[in-house]
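# Architecture at a glance
Now for the letters of each chain:
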Amino acid sequence: MENLKKRWGIESNFQFVIIFVVFAINGSLSARISGFAMKYLGINNENTHWIPYYLILILLVLPLYPFLLMFFGWLFGQSKFFFPFSKKMLKSMGLGFVFKN
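Report on the accompanying structure.

About the criteria used
- Numbering of residues begins from 1 in every chain and follows the order in which that chain's sequence is written.
- Where local features are concerned, this predicted model is filtered to residues with pLDDT of at least 70; where side-chain atom pairs are given and counted, the filter is 80 or more; whole-chain, interface and lining totals use all residues.
- Only heavy atoms go into the side-chain values, all of them from the structure, while hydrogens and water stay out.
- A patch consists of residues whose relative accessible area exceeds 30% and which take part in no salt bridge; residues with like charges are grouped when within 9 Å of each other, and nonpolar side chains (Val, Leu, Ile, Met, Phe, Trp, Tyr) when within 5 Å.
- Note on areas: Shrake-Rupley, 1.4 Å probe, and residue coverage restricted to the protein chains presented here.
- What counts as a salt bridge is simple: a side-chain nitrogen of Lys or Arg found within 4 Å of a carboxyl oxygen of Asp or Glu.
- Helix and strand definitions follow DSSP, with helices as H or I runs of at least four residues and strands as E runs of at least two, each counted in order from the N terminus.
- Helix span, expected: 1.5 Å multiplied by one less than the number of residues in the helix.
- We call two residues contacting when some pair of their heavy atoms lies within 4.5 Å.
- Three labels apply to residues, based on accessible area from a 1.4 Å probe with only protein chains included: buried if under 20% of the type maximum, exposed if over 50%, partly exposed otherwise in between.
- Comment: axis = line fitted to C-alpha atoms, over the contacting stretch for helices; angle = value between 0 and 180 degrees taken between N-to-C directions.
- Just so you know how the angles are binned, under 35 degrees is roughly parallel, over 145 roughly antiparallel, 65 to 115 roughly perpendicular, and the rest oblique.
- Charged means Asp, Glu, Lys or Arg here, nonpolar means Ala, Val, Leu, Ile, Met, Phe, Trp, Tyr, Cys or Pro, and polar covers whatever is left, Gly included.
- Two rings from Phe, Tyr or Trp (for Trp, the six-membered ring) form a pair when their centres sit within 6.5 Å of each other. Planes less than 30 degrees apart are called stacked, planes more than 60 degrees apart edge-to-face, and all others tilted.

### Structural notes on a nonpolar patch on the surface
Taken together, the side chains of V17, V21, I25, F71, W74, L75, F76 and F83 make up a nonpolar region of the molecular surface, amounting to roughly 700 Å² of accessible area. Residue assignment for the nonpolar patch shows that the elements contributing at least two residues are helix 2 (13-41) and helix 3 (50-75). Checked against the element boundaries, V17 lands in helix 2.

### Some thoughts on helix 3
Over its 26 residues, helix 3 runs 35 Å from end to end, which matches the ideal 38 Å to within 8%, given 1.5 Å per residue. Check the buried side of helix 3 and you find it contacts helix 2 and helix 4 (79-92). Following helix 3 by one or two positions, G77 has its phi on the positive side, about 75°.

### A short note on the side chain of S30
Mapped onto the fold, S30 is located in helix 2. Taking the relative accessible area as the measure of exposure, S30 reaches 1% and is therefore buried. Residues within four places of S30 in sequence aside, it is in contact with V61, L64, Y65 and L68.

### Looking at the packing of helix 3 against helix 4
Packing of helix 3 against helix 4 brings their axes to within 8 Å, and their N-to-C directions diverge by 170°. Here helix 3 lies roughly antiparallel to helix 4, going by the angle between them. Across from Y65, P66, F67, L69, M70, G73 and W74 in helix 3, the residues of helix 4 making contact are S79, F82, F83, F85, S86, M89 and L90. Taken together, the residues that form the contact of helix 3 with helix 4 break down as 11 nonpolar, three polar and no charged.

### Considerations on the packing of aromatic side chains
Tallying each qualifying case throughout the model produces 13 aromatic pairs. Their ring planes at 70° and their centres at 5.2 Å tell us that F71 and F72 sit as a pair that is edge-to-face. On the basis of relative accessible area, F72 is assigned to the buried category, the value being 11%. The interplanar angle of 20° and the centroid separation of 5.9 Å between the aromatic rings of F81 and F85 together place this pair among those described as stacked. Here the residue F81 and the residue F85 both occupy positions in helix 4, the gap between them amounting to four residues, near one helical turn. Residue F81 is classed as buried on the basis of its relative accessible area of 13%.

### Points about the environment of N13
One can find N13 in helix 2. The class for N13 is partly exposed, based on a relative accessible area of 40%. For the pair N13 and S34, spaced 21 residues apart in sequence, the C-alpha to C-alpha distance is 32 Å. Look past the residues within four positions of N13 in its chain and what remains in contact with it is M1 and K5.

Have a look at this one:
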C-alpha cells in the first residue's frame, strides 16, 4: 500500500480511501447511466445478440467514465489526482482534443 501511495503522490490513508470510494462510485454510476441510455434507445438482452449488446454498452461507458471521474474527483476534493488521470485516459482513447495544451 505504501508503494501505491508513493506512486500516486498520496500523503494520507484517508486520501487513499477517498480515491477508492471515488473509483467505486464512478464505476457503478457510469455503468448504471449507460444501462439507462441503452434502455432509452430500446436496446436490451432480449432484442439484441449479446455481442453487439456488450459492445454498445462498452462504447457508452468508456467516454462517460473519465468525465464522471473528474466530476466526482472534484466533488470529493481530489481533483489534483483525478484530472491528470482522466486527461491521460481520454488522450489514450483518442478524445484528447477535449483538452487544449
